[in-house]
Amino acid sequence: MKKFWAVFVARNLEFFRDRSTLIFNLAFPIILILGFAYAFPSGGGTTFKVGVVGGMPAAGSAEDIPFLHFQHLQFLPYAGLATPLDRLAHDQIDMVIDFSKKEYYVNEASSNGYVLEKMFAAGDSSGGSFTAGAGSTGVFSQKTVSGTPIRYVDWLVPGVLGINILLGSLSGVGFVIVRYRRNGVLKRFKATPLSAFQFVSAQVLSRFFIVAFLSTVIFAGTDSVLHFRMAGSWALLALVNALAILCMISLGLVFSSRIKSEEAAGGIMNLITWPMMILSGVFFSLEGTPHAMQLASRAFPITYYIEASRAIMLDGAGLAKIAGDLGVLAAMTLAFLAAAAALFKWE
Amino acid sequence: MNETAGPTPILEVRDLHKAYGKVKAVDGISFAVREGSCFGILGPNGAGKTTAIEVIETIHEPDSGTILYRGEAVSRSFKENIGIQFQDTSLQEFLTVRETLELFSKLYPKPRPIGEIIAACSLEEFIDRDNRKLSGGQRQRMLLGIALANDPDLLFLDEPTTGLDPHARRNFWRLVEGIKAQGKTVILTTHYMDEAEYLCDDIIVMDHGHIIESGKPRELLLKHFGEAVIRVPEAAVPAGAAFSCPSELEDGFVSFNCANTDSSLRELVSGGVDLAGISIERRNLDDLFLKLTGSGLD
């Protein structure tokens, strides 16, 4: 334990005394969050999102209303009403149409919903001027929902924290161990009675402490200005964060287990991080994206972190609802740790 | 050097082999190190010195061979009994010298008190300085301090004074002398022959992974060159004169390798050699290596 603690403390001192690294680690995500909050005060894009329950009508059928053929509308299929109505209530989609019950729903507080409702009716009164869609909206009855709109920044902040965890963990463990290996620090430790397990576990705990600290500071700092929505449990959010940090650190251990060159480490890190940042729903929802893209996102741990933390923060999800995400994160963590233990070399 | 009569050597190496691909970095070396001695491993770049020492330190696995510490095969606890100063090493950054020493001290079950290390390595003046901001000599002293963190019986120093100015080198020698005086055993690799002659009790000379000579420095010089070399102009030696000490012709001078300088001088005078222009030189380990390998030490 003494050896473990000595290496843990030394690593923390090394990080916190490196002011440029510390400032960069804090500044980048804070600037990102504040920048997006300023640029997109209410939403991340201009496309209207319409949830569809009961399946999209066949082209030319009696239910194929002109509204379905308008430009700049994205139709998102849902199996049941509960999820799209919840999302409608939080302004995450703009309208829901239930073809089986001939009902449509709008959020009475949503400006997008107001515009969409006018478009919905306008298609029916156009006198068949549309090239497709002969059905009538007259048979649909309107229903409204209400709820607190979710700003884009509320939706975005779990993603940015996820990126911070991802980059902080991969670079903080992956790059550092590769650098230690290249410049001989690992060799120096190898010459002592310190075991590989003691060294690696000290690095993991040190990085866990650093990333958790930075994430807390970033969240608290931006929350004091932007007042994020927090519908769920803080303790559960902390648990998700802790598991995600461990998972990303373990991933960093895997890719750093044998590499000797920082250039190679940089290339591999780009290979890992960029797809995760693009395909994990950090900046935009994956709803409506191609199936292959959604399938690819399931391979990334950050996807499960973002899903779980958004569910807690935005929807107030409890442990049961995010248990699947937690399970996948835990399984990935164990798999990464096992791989790192099998692959790790001092030199 | 292979004979181990008398007390059990603190370290014994038998038929050690280590190859990297087709390159035999260490090719069947054997030697024994007496407790309390300073043992030098000499050789040019690529001779296999560092590979040999790092295999012995258990940093690398040998391909074959035996390493005995106090008569027993090295075990996991071997690392607790040895101190190592690598040829090239880096440390965790943003730590002071004191913090670095404390870090390494905590990695051993029986560390030497930090105060003793500071005194033994003369670290007082920069003990609270960032370890990145040390001069070459100060850095080597700190690395020596780290190597002493566990109060080792056996200390490995791999080219510890390379790159240091003469003053810093001399200071470092004095520290090593102090360590020897405490009864510690030192294994030293070095390029500097004056360093080996000054510090080492026994040496081996390696080339291409082999030991090509071994013994005490003074005895090796006597064996190969005699006590001294008497050089006289070729013209000063009577034609056909023969002498008991071996001689060779070099650049217009005849060099006599003398086992005993006084008797050789008397023999030369009685043999009619004109001593005008005479020079008497003592050969060093550089000369020995040149003779053994046909090339100078890098």
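Residues numbered from 1 in each chain as written. Chains lettered and ligands numbered in written order. Predicted model: local features only at pLDDT ≥ 70, side-chain atom pairs only at ≥ 80, totals over all residues.

Caption draft 1: Layout of the packing of helix α5 (residues 152-183) of chain A against helix α9 (residues 262-279) of chain A. Residue and element names in this part refer to chain A. Two elements in contact, α5 and α9, have axes whose closest approach is 10 Å; the angle formed by their N-to-C orientations is 165 degrees. Classified by the angle between their axes, α5 and α9 sit roughly antiparallel to one another. Classified by chirality, the crossing of α9 by α5 is right-handed. For the pair α5 and α9, contact is made by Ile163, Leu166, Leu167, Leu170, Ser171, Gly174, Phe175, Val178, Arg179 and Arg182 and by Glu262, Ala265, Met269, Ile272, Thr273, Met276 and Met277, respectively. (Axes fitted to C-alpha atoms, helices over the stretch in contact; angles between N-to-C directions. Helix = DSSP H or I, 4+ residues; strand = E, 2+ residues; numbered from the N terminus. Parallel < 35°, antiparallel > 145°, perpendicular 65-115°, else oblique. Left-handed = near helix turned anticlockwise from the far one by under 90°. Contact = placed C-beta atoms within 7 Å.)

Caption draft 2: Looking closely at the interface of chain B and chain A. On the side of chain A, 18 residues touch chain B, which itself brings 20 residues to the contact. When contributions to the side of chain B that touches chain A are tallied by element, the ones reaching two or more residues are α2 (78-81) and α3 (97-105) of chain B. Take the side of chain B that touches chain A: its biggest share by element is three residues, from α3 of chain B.

Caption draft 3: Local environment of the domain arrangement of chain A. Residue and element names in this part refer to chain A. By the assigned domains, chain A splits into domain 1 (2-39 + 151-343) and domain 2 (48-145). Between domain 1 and domain 2, the C-alpha centre-to-centre distance is 40 Å. Among the residues making up the side of domain 1 that touches domain 2, the classes are represented as one nonpolar, one polar and two charged. (Domains from an automatic or database assignment. Nonpolar A, V, L, I, M, F, W, Y, C, P; charged D, E, K, R; others polar.)

Caption draft 4: Examining the domain arrangement of chain B more closely. Segmentation of chain B into domains returns domain 1 (11-221) and domain 2 (227-282). Taken over C-alpha atoms, the centre of domain 1 of chain B sits 42 Å from the centre of domain 2 of chain B.

Caption draft 5: Here's a closer look at helix α1 (residues 49-56) of chain B. Residues and elements named next belong to chain B. Buried residues dominate α1, accounting for eight of its eight residues. Lys49, Thr50, Thr51, Ala52, Ile53, Glu54, Val55 and Ile56 are the residues of α1 that are buried. Immediately beyond the C-terminal end of α1, within one or two residues, lies threonine 58, with a positive phi of roughly 70 degrees. (Buried ≥ 20, exposed ≤ 12 C-beta atoms within 10 Å, placed from the backbone.)

Caption draft 6: Layout of unusual backbone geometry. Positive phi values are uncommon outside glycine, yet histidine 227 of chain A reaches one of about 50 degrees. In this structure, histidine 227 of chain A sits in the loop between α7 (196-226) and α8 (234-256). Although it is not a glycine, aspartate 15 of chain B sits at a positive phi angle of roughly 50 degrees. With respect to the element layout, aspartate 15 of chain B can be found in strand β1 (residues 11-20).

Caption draft 7: Local environment of the nonpolar core. Formed by 148 residues in total, the largest nonpolar core has its most connected members in Ala244, Cys247 and Met248 of chain A together with Ala52 and Val186 of chain B. If we skip the residues at most four places from it in the chain, methionine 248 of chain A touches Ile165, Leu166, Ser169, Leu170 and Pro301 of chain A. Formed by 18 residues, the second largest nonpolar core is a distinct cluster that contains Met95, Val96, Tyr105 and Leu116 of chain A. (Core = buried A, V, L, I, M, F, W, Y, C linked by C-beta atoms within 7 Å.)

Caption draft 8: Seen up close, the sheet that holds β1 of chain B. All names here are of chain B. Ordered in space as β2-β1-β4-β5, the four strands form an open sheet in which the pairing is antiparallel. Where the open sheet ends on each side, the last strands, each with one partner, are β2 (23-33) and β5 (72-73). One ladder, built from two bridges, connects strand β4 (residues 64-69) with β5; its direction is antiparallel. Its bridge partner lying in β5, leucine 68 is registered against alanine 73. (Pairing = 2+ DSSP bridges.)

Caption draft 9: Representation of the sheet that holds strand β13 (residues 253-258) of chain B in the model. Residue and element names in this part refer to chain B. Ordered in space as β12-β13-β11-β14, the four strands form an open sheet in which the pairing is antiparallel. Each edge of the sheet is formed by a strand with only one pairing partner; in this case those strands are β12 (247-250) and β14 (279-281). With direction set aside, neighbouring strand axes in the sheet form an average angle of 25 degrees. Examined bridge by bridge, strand β11 (residues 228-233) and β13 share six bridges and lie antiparallel to one another. Counterpart to valine 229 in the pairing with β13 is asparagine 257.

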